[in-house]
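# Chain and residue survey
So you can see what is in the structure, the chains are spelled out below.
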Amino acid sequence: MHIIITDAWLAKSRAMHLSGIKLVGAGMLASVLLMLGAITTYHWVFLEGVRQGWPGFASVARLVHQDEAASQNAYMRANLDAMARKLGEMQARMVQIDSLGERVAGLAGLSPAEFKAAPGAGGALVGGRDLTMEELMGALDRIDHTSGSRVDWLTVVESRLFDQKIQRTMVPTEKPVVGVQVGSAFGFRIDPITGRSALHTGLDFPADPGTPILSAAGGVVVVQEYHPAYGNMIEVDHGNDLITRYAHASKVHVKKGDIVKRGQKIAEVGSTGRSTGPHLHFEVWVSGVPQDPQRFLAAGENLTNAKTAGLGPRKP
């Protein structure tokens, strides 16, 4: 009997507990619905009052609209001010680009006047005001146009500098044998075999057999053969009717048609052909006429010295 009463009491307690949870949930749902209803009613009454022109509603609507417009204007003004500051930075950077472009144009052999920077401007600030959107867009359009023309001009300068670099690369100013002094110069001399005066059409670089022979400039190998007088001989065409000749080599590392770079090893010193000892006989021909190679090599040394001096500390 006691057990039956206890089970009945537990079942009743559980039913009451579930009823309490349902009541709480129902109360919360009713509160949410009441709040939504109140908000909906407020907006309906407010909008209806504005449309019908009820007293007081129009002024409230104007205040709300003014606050929203003021917030939007403040946001737009902040953005315009930020864009104006960025515009000022872009204009200052364009002045630097103009100045740099003018100097680089001079180095490329072009007239710096064609890259003339915009005239300077300045003065005391009197009655400064904020930029309008139209003024800001106009200034941006002008910078866009100016930057486009500067890019085109710098492209021309780059092309000219590249052409000059190629031309310097194709001029034989690289010493063909490193660390060796000239043994016999260009011009008339006593021939070492006949003992008579004869024209020496190149420079002789005495060196040990196997010493690397380097191409004095970039070009194309047009001759690689054995010559009775020059022995193992190489001729490199550098364009513009300019050819270099390397003679008496013991070994040759290139063949006709090969493209060689400045300073590339193309052969080794030897004593083949008409020679009294191991050396390199080096010639430079321009339009079929032999030239003094020392003039070209001296120009290369002067250029190297100028570059080295330019890397040193500048005087104040």
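Thresholds, definitions, all that
- Residues numbered from 1 in each chain as written.
- Predicted model: local features only at pLDDT ≥ 70, side-chain atom pairs only at ≥ 80, totals over all residues.
- Heavy atoms only, no water.
- Helix = DSSP H or I, 4+ residues; strand = E, 2+ residues; numbered from the N terminus.
- Buried < 20%, exposed > 50% of the residue type's maximum accessible area, 1.4 Å probe, protein only.
- Contact = heavy atoms within 4.5 Å.
- Patch = residues over 30% accessible without salt bridge, like charges linked within 9 Å, V, L, I, M, F, W, Y side chains within 5 Å.
- Areas by Shrake-Rupley, 256 points an atom, 1.4 Å probe, with all protein chains shown as cover.
- Salt bridge = Lys/Arg side-chain N within 4 Å of Asp/Glu carboxyl O.
- Pairing = 2+ DSSP bridges.
- Polar contact = N/O pair within 3.5 Å; in protein donor to acceptor, adjacent residues only side chain to side chain.
- Phe/Tyr/Trp six-rings, centres within 6.5 Å; stacked < 30°, edge-to-face > 60°.
- Lys NZ or Arg CZ within 6 Å of the ring centre and 35° of its normal.

Of note in this structure, Asn240 is not a glycine but carries a positive phi near 55°. Tracing the backbone through its elements, the reader meets Asn240 in the loop between β6 (231-237) and β7 (242-252). Although it is not a glycine, His248 sits at a positive phi angle of roughly 70°. Within the fold, His248 resides in strand β7. Here His248 falls in the buried class, since its relative accessible area comes to 4%.

Tracing the backbone through its elements, the reader meets Val260 in strand β8 (residues 259-260). Considered as a pair, Val260 and Asp237 are 23 residues apart in the sequence and their alpha carbons are 9.9 Å apart. With residues up to four places along the chain from it excluded, the contact list for Val260 reads Ser215, Ala217, Gly218, Gly219, Val221, Val236, Val254 and Ile266.

Before going further, it helps to examine a nonpolar patch on the surface. On the surface, Leu29, Leu33 and Leu36 cluster together to form a nonpolar patch covering roughly 310 Å² of accessible area. In this structure Leu29 comes out as exposed when scored by relative accessible area, which is 53%.

On to the pairing of strand β9 (residues 265-269), then. The buried count for β9 comes to four of five residues, which makes it a mostly enclosed element. Here three bridges tie strand β4 (residues 212-214) to β9, and the two strands are oriented antiparallel to one another. If you follow Pro212 over to β9, its bridge partner there is Glu268. Where β7 meets β9, three bridges bridge the pair, whose relative direction is antiparallel. When the bridges of β9 are listed, Lys251 appears paired with Glu268.

With that settled, consider the pattern of salt bridges. As enumerated under the stated definition, the model contains six salt bridges in all. We note a salt bridge from Glu283 to Arg245, for which the minimum N-O separation is 3.1 Å. With Glu283 in strand β10 (residues 279-286) and Arg245 in strand β7, this pair connects stretches of sequence that are 38 residues apart. According to the relative accessible area criterion, Arg245 is buried, its value standing at 13%.

Along the chain, the position of Thr211 falls in the loop between β3 (203-206) and β4. Distance from Thr211 to Gly270, taken between C-alpha atoms, is 8.2 Å for residues 59 residues apart in sequence. Non-local contacts of Thr211, meaning those with residues more than four positions away in its chain, are made with Val177, Ala267, Glu268 and Val269. A polar side-chain atom of Thr211 sits 2.7 Å from the main-chain carbonyl oxygen of Asp208.

In this section: the packing of aromatic side chains. Two aromatic rings, taken as a pair, are described by how far apart their centres are and by the angle between their planes. Within the structure shown, the criterion is met by one aromatic pair. Seen from their ring centres, Tyr246 and Phe282 are 5.4 Å apart, and the 40° between their planes marks the pair as tilted. Highlighted residues: Tyr246 in strand β7 and Phe282 in strand β10, separated in sequence by 36 residues. No difference in accessibility class separates Tyr246 from Phe282, as the two residues are buried. Residue placement shows Arg245 over the ring face of Tyr230; its charged tip is 4.8 Å from the ring centre.

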